[in-house]
Amino acid sequence: MLSRYDFYDGEISVIIDWHSHIYTPEEAADDRGAADGKSGPKWGERGCPMVLENFLDAHYKNGIDISVVTNAAHYLRGKAEHEELPSVQRWSDYAAEVQQKYAGTLYCFATILPCGGPAFIKEAERAIRELGLKGIFIHSSHKGHYPDDDEARPFWELVQDLDVPVMIHPPHLGFGEERMKEYRLASSIGRPFDLCLALARLIVRGILEDFPRATIVASHGGGGICETISRMDYAYELQEEAFFLGSYAPMKIKHPPSHYLKRMYLDTVTYNLPAVKMVLDWIGPGRVVYGSDAPPLTSLKPRAIKLINDLDLPEADRQAIFFANAARLLKLPSARAAHAA
């Protein structure tokens, strides 16, 4: 496997990888389907790449210092409603074990369904307050529910109280999936589409207005939100002139949508320089965190590092992306933050 040193011969400082995934051992079993735990290729054909051993191998071979461990939990789509909470609880317990065993190297997030009801709110609180997990991972949608839905408001209230980052990431399939079942379009097109829609709804439905202390970290550079945000701004600003576009009621925000986008954090999992430059142009290097999305595809990890090193940036900005921004979100000890300065 290539390492980051094959791509970059300059000075390399501390790196935190914000975006990489594992499953619980049960959900990575050979007989489980890759799509939703039931359908799709079976893991037994090649082996599930989202297992701890594979994660650690990619982490160390690529010289990563600290990783945020999240569970993409695509299998939740295939669960019956009564199976969802036990699956989420099992991940919380496993994540706590991993975080404790690899203390200081791996920091784990809970996976929560924001619209799941009081039991999921209670589980989020348990995962953070009792188990000590460092943040919360949510899907941009789950079985037609989006995190701006009224049912999710207790979740956002709790998030403010817990004062931990919320990473938002696409599900295996979202809206429009009936046209995305070929050529891996569900992954390459459908997932960023669903994420972009979810972020847009969080903005216009007033979640960031009503819960200003919520810290949202969007995966995949926001799924294209940086390209579409200007269209959202004019839809907001041209109220009367744009009557033919439909209603903008009820009004739930006090500023243009781009104002709220700039309050989010975005990761660098964009796969090309023009896209990551757009992210930086919109929200600045102080709100961008490095990520690789590897595992599952571990060959992407050195490419993701090269992407940041290829940017024409002051070194302080590069180190903010690689380390300091994520360290601040994770509330790492000040000595570590100073090491990256």
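Anything mentioned here points back to the structure above.
Rules of the game
Residues numbered from 1 in each chain as written. Predicted model: local features only at pLDDT ≥ 70, side-chain atom pairs only at ≥ 80, totals over all residues. Heavy atoms only, no water. Core = buried A, V, L, I, M, F, W, Y, C linked by side-chain atoms within 4.5 Å. Buried < 20%, exposed > 50% of the residue type's maximum accessible area, 1.4 Å probe, protein only. Contact = heavy atoms within 4.5 Å. Salt bridge = Lys/Arg side-chain N within 4 Å of Asp/Glu carboxyl O. Phe/Tyr/Trp six-rings, centres within 6.5 Å; stacked < 30°, edge-to-face > 60°. Helix = DSSP H or I, 4+ residues; strand = E, 2+ residues; numbered from the N terminus. Lys NZ or Arg CZ within 6 Å of the ring centre and 35° of its normal. Polar contact = N/O pair within 3.5 Å; in protein donor to acceptor, adjacent residues only side chain to side chain. Pairing = 2+ DSSP bridges. Axes fitted to C-alpha atoms, helices over the stretch in contact; angles between N-to-C directions. Patch = residues over 30% accessible without salt bridge, like charges linked within 9 Å, V, L, I, M, F, W, Y side chains within 5 Å. Areas by Shrake-Rupley, 256 points an atom, 1.4 Å probe, with all protein chains shown as cover. Right-handed = clockwise from strand over helix to strand, strands pointing away. Parallel < 35°, antiparallel > 145°, perpendicular 65-115°, else oblique. Nonpolar A, V, L, I, M, F, W, Y, C, P; charged D, E, K, R; others polar.

**Q** What am I meant to see in the nonpolar core here?
**A** Nonpolar side chains tend toward joint burial in soluble globular proteins. Counting 83 residues, the largest nonpolar core has I136, F155, W156, I168 and Y290 as its most contacted members. Not counting residues within four places of it along the chain, the set of residues in contact with F155 comprises I112, P114, I121, I136, I138 and V166.

**Q** What's the story with the pattern of salt bridges in this structure? I'm lost.
**A** Where side chains of opposite charge bring their charged atoms close, a pairing between them can arise. Applying the stated criterion across every chain, the model contains 17 salt bridges. Through salt bridges that share partners, E27, D31, R32 and K79 make up one connected network.

**Q** What exactly am I supposed to notice about the packing of aromatic side chains here?
**A** Remark: the centre distance and the inter-plane angle together describe each pair of aromatic rings, the angle taken between the planes. Applying the stated rule across the entire model yields eight aromatic pairs. Residues W18 and F109 carry aromatic rings whose centres are separated by 5.5 Å and whose planes lie at 90° to one another, so their mutual orientation is edge-to-face. With W18 in strand β1 (residues 16–21) and F109 in strand β3 (residues 106–111), this pair connects stretches of sequence that are 91 residues apart. Classification of W18 as buried rests on a relative accessible area of 0%. Grouping aromatic residues by their ring pairs yields a cluster made of Y23, W43 and Y75. The ring of Y265 carries the charged tip of R287 above its face, separated from the ring centre by 4.7 Å.

**Q** Honestly, the environment of A249 in this entry has me stumped. Any pointers?
**A** Here A249 is to be found in the loop between α7 (225–237) and α8 (257–261). Accessibility expressed as a relative area gives 62% for A249, which makes it exposed. When the C-alpha positions of A249 and L56 are compared, they lie 49 Å apart, and in sequence the two are 193 residues distant.

**Q** Would you mind showing me how to read the side chain of D148 here?
**A** Mapped onto the secondary structure, D148 falls in the loop between β4 (135–139) and α4 (153–162). Within the structure, D148 has its side chain in polar contact with the side chain of R201 (distance 2.9 Å). In terms of polar contacts, D148 uses its side chain to reach the side chain of R205, at 2.8 Å. For D148, the contacting residues outside a window of four places in its chain are R201, L202, R205 and I207.

**Q** Before we go on, may I ask you to explain the sheet that holds β3 in this structure?
**A** Where strands meet in a sheet, backbone hydrogen bonds hold them as pairs that are either parallel or antiparallel. The eight strands are arranged β1-β2-β3-β4-β5-β6-β7-β8 in an open sheet whose pairing can be described as parallel. Two strands in the sheet have a free side with no partner beyond their single neighbour: β1 and β8 (288–289). Direction of pairing for β4 relative to strand β5 (residues 165–169): parallel, over a ladder of four bridges. Paired with I138 across the bridge in β5 is I168. Across the sheet, helix α2 (residues 81–101) lies against β2 (66–70) and β3, angled at about 170° from β3, the strand it touches most. Seen against the sheet, helix α5 (residues 185–204) touches β5 and β6 (215–218) and runs at an angle of roughly 135° to β5.

**Q** Can you walk me through a nonpolar patch on the surface in this structure?
**A** On the surface, a cluster of nonpolar side chains totalling about 580 Å² of accessible area is made up of F175, Y183, L185, I189, F193 and L197. Relative to the helices and strands, F193 resides in helix α5.

**Q** Is there a simple way to explain the pairing of β4 in this structure?
**A** Regular strands place side chains that alternate from one sheet face to the opposite one. For β4, the buried fraction is high: five of the five residues fall into the buried class. Pairing of β3 with β4, which is carried by three bridges, proceeds in the parallel orientation. The residue bridging F109 from the neighbouring strand is G135, located in β4. Each parallel crossover has a hand, and the one from β3 via helix α3 (residues 118–130) to β4 is right-handed. Once you follow β4 into α4 and on to β5, the crossover reads as right-handed.

**Q** Please clarify how unusual backbone geometry should be interpreted in this entry.
**A** Most peptide bonds are trans, and most residues other than glycine sit at a negative phi. Across the junction of A249 and P250, the peptide omega takes the value -5°, indicating a cis bond. Following the sequence through the fold, P250 ends up in the loop between α7 and α8. The omega angle of the peptide bond from P295 to P296 is 20°, so this bond is cis rather than trans. Along the chain, P296 turns up in the loop between β8 and α10 (300–309). Here K143, not a glycine, exhibits a phi torsion of approximately 55°, which is positive. Residue position: K143 is located in the loop between β4 and α4. The exposure class of K143 is partly exposed, given its relative accessible area of 42%. One non-glycine residue, D293, lies in the positive phi region at around 60°. Take D293: it is sitting in the loop between β8 and α10.

**Q** Would you mind showing me how to read the packing of α2 against α3 here?
**A** Packed helix pairs are characterised by how far apart their axes lie and by the angle those axes make with each other. Contact geometry of α2 with α3 gives a least axis separation of 11 Å together with a crossing angle of 5°. In terms of orientation, α2 and α3 fall into the roughly parallel class. Along the contact surface, α2 presents E84, L85, V88, Q89, S92 and D93, while α3 presents A119, F120, E123, R126 and A127. Grouping the amino acids of the contact of α2 with α3 by side-chain chemistry returns five nonpolar, two polar and four charged.

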